[in-house]
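Chain by chain, the residues run as shown.
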Amino acid sequence: MTPRWILAALTALALVAQSISAQAATIQITMENLAILPAEASAKIGDTIEWINKDIVAHTATARNGDWDVMLPPNTTGTLVLKKAGTVDYYCRFHPNMKAVLKIEP
Amino acid sequence: MMFVRLSAAIAAVSLLSSAALAQGAKPTDPQIAHIAYTAGVIDIKAAKQALNKTRNKEVKAFAQDMVRDHEAVNKQALDLVKKLKVKPEDNDTSRTLSKNAADKLAELGKLKGAAFDKAYVDNEVAYHKAVDNALETQLIPSASNPELKNLLQTGLKIFQGHEQHAEQVAASLK
Ligand SMILES: [Cu+2]
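Residues numbered from 1 in each chain as written. Chains lettered and ligands numbered in written order. Predicted model: local features only at pLDDT ≥ 70, side-chain atom pairs only at ≥ 80, totals over all residues. Heavy atoms only, no water.

### A few points about the coordination of the copper ion
Residue and element names in this part refer to chain A.
Phase 1: Distances from the copper ion to its protein donors, His-59 (ND1), Cys-92 (SG) and His-95 (ND1), fall within 1.9 to 2.2 Å.
Phase 2: Along the chain, the residues donating to the copper ion fall in the pattern H-x32-C-x2-H.
Phase 3: For Cys-92, a relative accessible area of 0% gives the class buried.
Phase 4: We classify His-95 as buried; its relative accessible area is 0%. (Donors = N, O, S within 2.8 Å, 3.2 Å for Na, K, Ca; no water. Buried < 20%, exposed > 50% of the residue type's maximum accessible area, 1.4 Å probe, protein only.)

### What to know about the pattern of salt bridges
All names here are of chain B.
Phase 1: One pass over the structure, following the stated rule, counts 13 salt bridges over all chains.
Phase 2: A salt bridge links Arg-68 to Asp-65; its shortest N-O distance comes to 3.3 Å. In this pair, Arg-68 and Asp-65 are both assigned in helix α3 (residues 57–84), 3 residues apart and thus about one turn of the helix distant.
Phase 3: In this structure Asp-65 comes out as buried when scored by relative accessible area, which is 5%. (Salt bridge = Lys/Arg side-chain N within 4 Å of Asp/Glu carboxyl O. Helix = DSSP H or I, 4+ residues; strand = E, 2+ residues; numbered from the N terminus.)

### Considerations on the side chain of Asp-55 of chain A
Phase 1: Note that Asp-55 of chain A resides in the loop between β4 (48–53) and β5 (59–63).
Phase 2: The side chain of Asp-55 of chain A is buried and forms no salt bridge, while Lys-157 of chain B, the nearest opposite charge, is found at 8.3 Å.
Phase 3: A distance of 2.9 Å separates the side chain of Asp-55 of chain A from the side chain of His-59 of chain A, its partner in a polar contact.
Phase 4: Apart from residues no more than four positions distant in its own chain, Asp-55 of chain A is found in contact with Met-31, Glu-32, Asn-33, Leu-34, Pro-74 and Asn-75 of chain A. (Lys, Arg positive; Asp, Glu negative; His and termini not counted. Polar contact = N/O pair within 3.5 Å; in protein donor to acceptor, adjacent residues only side chain to side chain. Contact = heavy atoms within 4.5 Å.)

So far we have only geometry, and geometry alone does not tell us how the molecule works.
Given below as structure tokens:
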């Protein structure tokens, strides 16, 4: 017989977990042949951005406003959890011809 | 003075292309592979010289990027020619490229400090411009194997990135 308060606590925990997973999404952005696709993506605070570098050379996802700088070695995936809202232009420090925009909503 | 020399270097490369085109001598895939590979080797050597000489953080980071990227592209090129059973073939264009690069290396070797940094980065801008131009107008259109063409196209985008990166470093040195 499980005490009632434990059941209540478990139910509450499950509800919290559910609401977190319902809110936070993972958004994939691909870097291939020196192009960032999609070049314009939207996300919310708490979401995770997954940059997939499919090229043979390293890239970076570097915010022009200095908020973040993610290193992406060849054939790897780099992640970032978004913490601040705003429209952020970002580029690759090694290949500045690679440019994209991330719209982060509150 | 420097600008005149750089323009001469670019003119030499374009002359090469137009001379080859005038003769109707479209480079073959083995020749194209050799030219592209040689172009990479040249930039790696220049970067290694810079890594030995520079004390500028940005120039050093740029040179490290050049070594890493050009080694990656050249490794891919070697893997491809092996797979295609193509033997890269020495030719006038790659010989001239190597000769000019050796002269440049000797010239830069005499410079020091900020003068070296500026000359190295300016030459990187001019060199990538010339190589990108050769890839765009001559090597890519002449390549017949689709996989080779593909690799050259990826190489072009990478080197265009280097060209812009070099321009940014050059601007920061002013
Ligand atoms: Cu890049």
